Amino acid sequence: MRKRAIKGEYLRHMQIVEHAESLTPLHGCALVATMGALHAGHASLIKQAASDGRPVVVSLFVNPTQFSKGEDFSKYPRTLEADRELCQSAGAAAIFIPSVQDMYPYGVDAANAEAIQLQLPLVATQPKLEDAQRPTHFAGVCQVVAKLFDMCQPAAANFGEKDFQQLRVIQEMVRREGARWKKLVVHACPTIRESDGLAMSSRNRYLQANQRENARGLSRALAAAQECARADMDIAAAESEMLRVLARHQLLVEYAVIRAPDTLLPIENFEPKLKSGARALIAARLDGVRLIDNASCDGAISDRGG
Ligand code: AMP
């Protein structure tokens, strides 16, 4: 009984904000932008944001404009009660749960039309990674993140390396529009993994138990690329090795490449300078489930397995 009361009281301390006007007292916060269905990866972003001492606002909004037709917008997991508890225990000051109507008052079709007019950073259009597989995705991401920045006026925003191209896109958008969000600093947060190496993702809940072993192919392929880098192999050989591991796990590969970590464009060689930061990036499908992962080639993902 007492435990419940304490929990209830504790929960009351985290604000639940539905309308942007109520965010004004929270301007200068650290923002963690999410689509909900939260897991320990999101919690680590919230904790890292809170450690800087600013109130943390977590936005929970499944943004329709970053999904294309045929993607999983309508079936994207929505777990508000559990999300609320996770945000509370990770130290968030507020969660912001806008409605689609509040975000896009002229409707989603109009918002989609507006999004594709946006001038995106080159890293959102040139690498031919997520941008090639999901052509309107980054337009929707930039649109919603810019709106959230306008509404929250954060001093800091934490994004995960799990979505590495997205992180680079946001960093470039903020750099380019510096005057719009004064002194906003974007922090990159490391990818949190399951104990078997699989990067945590809201979409992992789509995986059947018998698909988990194959899903480990992504982190194993990244670990293989890291091993190739340590052995001074060239990029083509490292990419072949990644493909070999992915094929062994019956993953249908969209891309498995090693790129320059800033532009995400192809690089010639494992030059010593580049070797330290070269980024291995993978997107692959396991039946209907699309998985992405990436890692720095000079890192070391622990689970190597078969
Ligand atoms: P999402 O809810 O998938 O839009 O993700 C919200 C934020 O959480 C993004 O900045 C993601 O990169 C980040 N994120 C998602 N999964 C992870 C993870 N496994 N580790 C660290 N950050 C993550």
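Predicted model, so just to flag it, every value in this text is computed and none were measured. (Residues numbered from 1 in each chain as written. Predicted model: local features only at pLDDT ≥ 70, side-chain atom pairs only at ≥ 80, totals over all residues. Heavy atoms only, no water.)

1. Overview of helix 8 (residues 164-176)
So, step 1. With 13 residues, helix 8 extends 18 Å from end C-alpha to end C-alpha; this agrees with the ideal 18 Å at 1.5 Å per step.
So, step 2. Turning to helix 8, its buried residues number three or more, namely Phe164, Gln165, Gln166, Leu167, Arg168, Val169, Ile170, Glu172, Met173 and Val174.
So, step 3. Check the buried side of helix 8 and you find it contacts helix 6 (130-133), helix 7 (137-152), strand 5 (156-160), strand 6 (185-189), strand 8 (279-286) and strand 9 (289-296). (Helix = DSSP H or I, 4+ residues; strand = E, 2+ residues; numbered from the N terminus. Expected span 1.5 Å × (residues − 1). Buried < 20%, exposed > 50% of the residue type's maximum accessible area, 1.4 Å probe, protein only. Contact = heavy atoms within 4.5 Å.)

2. Considerations on the site of the ligand
So, step 1. Every one of the 17 residues lining the ligand counts as a neighbour, but Met35, Gly160, Asp163, Ile192 and Met200 are closest to it.
So, step 2. With respect to the ligand, the backbone of glycine 160 contributes an N or O atom lying 2.9 Å from an oxygen atom.
So, step 3. Relative to its free-state accessible area of 490 Å², the ligand is covered by the protein chains to the extent of 92%.
So, step 4. Going through the elements one at a time, strand 2 (30-34), helix 2 (40-50) and strand 5 are the ones with two or more residues in the shell around the ligand.
So, step 5. In terms of residue count, helix 2 provides more of the shell around the ligand than any other element does, three residues in total.
So, step 6. Grouping the amino acids of the shell around the ligand by side-chain chemistry returns eight nonpolar, seven polar and two charged. (Near = heavy atom within 4 Å. Polar contact = N/O pair within 3.5 Å; in protein donor to acceptor, adjacent residues only side chain to side chain. Areas by Shrake-Rupley, 256 points an atom, 1.4 Å probe, with all protein chains shown as cover. Nonpolar A, V, L, I, M, F, W, Y, C, P; charged D, E, K, R; others polar.)

3. As for the side chain of glutamine 143
So, step 1. Along the chain, glutamine 143 turns up in helix 7.
So, step 2. In this structure the side chain of glutamine 143 is engaged in a polar contact, spanning 2.8 Å, whose partner is the side chain of threonine 65.
So, step 3. Beyond its immediate stretch of four places on either side in the chain, glutamine 143 contacts Thr65, Tyr104, Ala111, Glu114, Ala115 and Leu118.

4. As for the packing of aromatic side chains
So, step 1. Taken as a whole and judged by the stated rule, the model has five aromatic pairs.
So, step 2. Ring geometry for phenylalanine 67 versus phenylalanine 73: centroids 5.4 Å apart, planes at 65 degrees, classification edge-to-face.
So, step 3. Judged by centre distance (6.5 Å) and plane angle (85 degrees), the ring pair of phenylalanine 149 and phenylalanine 159 falls under edge-to-face. One end of the pair, phenylalanine 149, is in helix 7; the other, phenylalanine 159, is in strand 5, and ten residues separate them in sequence. The same class applies to phenylalanine 149 and to phenylalanine 159, which are both buried.
So, step 4. An aromatic cluster is defined as three or more aromatic residues linked by ring pairs; in this entry it consists of Phe67, Phe73 and Tyr76.
So, step 5. The positively charged end of lysine 75 is found above the aromatic ring belonging to tyrosine 206, 4.4 Å away from the centroid.
So, step 6. Lying across the ring of phenylalanine 73, arginine 78 places its NZ or CZ 5.1 Å from the centre. (Phe/Tyr/Trp six-rings, centres within 6.5 Å; stacked < 30°, edge-to-face > 60°. Lys NZ or Arg CZ within 6 Å of the ring centre and 35° of its normal.)

5. As for the sheet that holds strand 2
So, step 1. Spatially, 1-4-3-2-5-6 is the arrangement adopted by the six strands of the open sheet, whose pairing is parallel. Because the sheet does not close on itself, it has two edges, and the strands there are strand 1 (15-17) and strand 6. Averaged over neighbouring strand pairs, the angle between their axes works out to 25 degrees when direction is ignored.
So, step 2. Across five bridges, the pairing between strand 2 and strand 3 (residues 56-60) is parallel. (Pairing = 2+ DSSP bridges. Axes fitted to C-alpha atoms, helices over the stretch in contact; angles between N-to-C directions.)

6. Quick word on the domain arrangement of the chain
So, step 1. Domain boundaries assigned for the chain yield domain 1 (2-189) and domain 2 (202-296).
So, step 2. With centres defined by C-alpha atoms, the gap from domain 1 to domain 2 works out at 26 Å.
So, step 3. The partner domain 2 presents 19 residues to the 24 residues of domain 1 that form the contact.
So, step 4. Between domain 1 and domain 2, the buried area comes to about 1,900 Å², and carbon and sulfur atoms account for 49% of it.
So, step 5. Three residues stand out in domain 1 for area buried against domain 2, namely Leu129, Glu130 and Phe164, and they jointly supply 30% of the buried area on that side.
So, step 6. Our count for the contact surface shared by domain 1 and domain 2 stands at three salt bridges.
So, step 7. Here domain 1 is connected to domain 2 by 14 residue pairs in polar contact (both at pLDDT 80 or more).
So, step 8. Of all the secondary structure elements, the ones that give two or more residues to the side of domain 1 that touches domain 2 are helix 6 and helix 8.
So, step 9. When residues of the side of domain 1 that touches domain 2 are assigned to their parent elements, the largest contribution, three residues, is made by helix 8. (Domains from an automatic or database assignment. Buried area = accessible area lost by both parts, 1.4 Å probe. Salt bridge = Lys/Arg side-chain N within 4 Å of Asp/Glu carboxyl O.)

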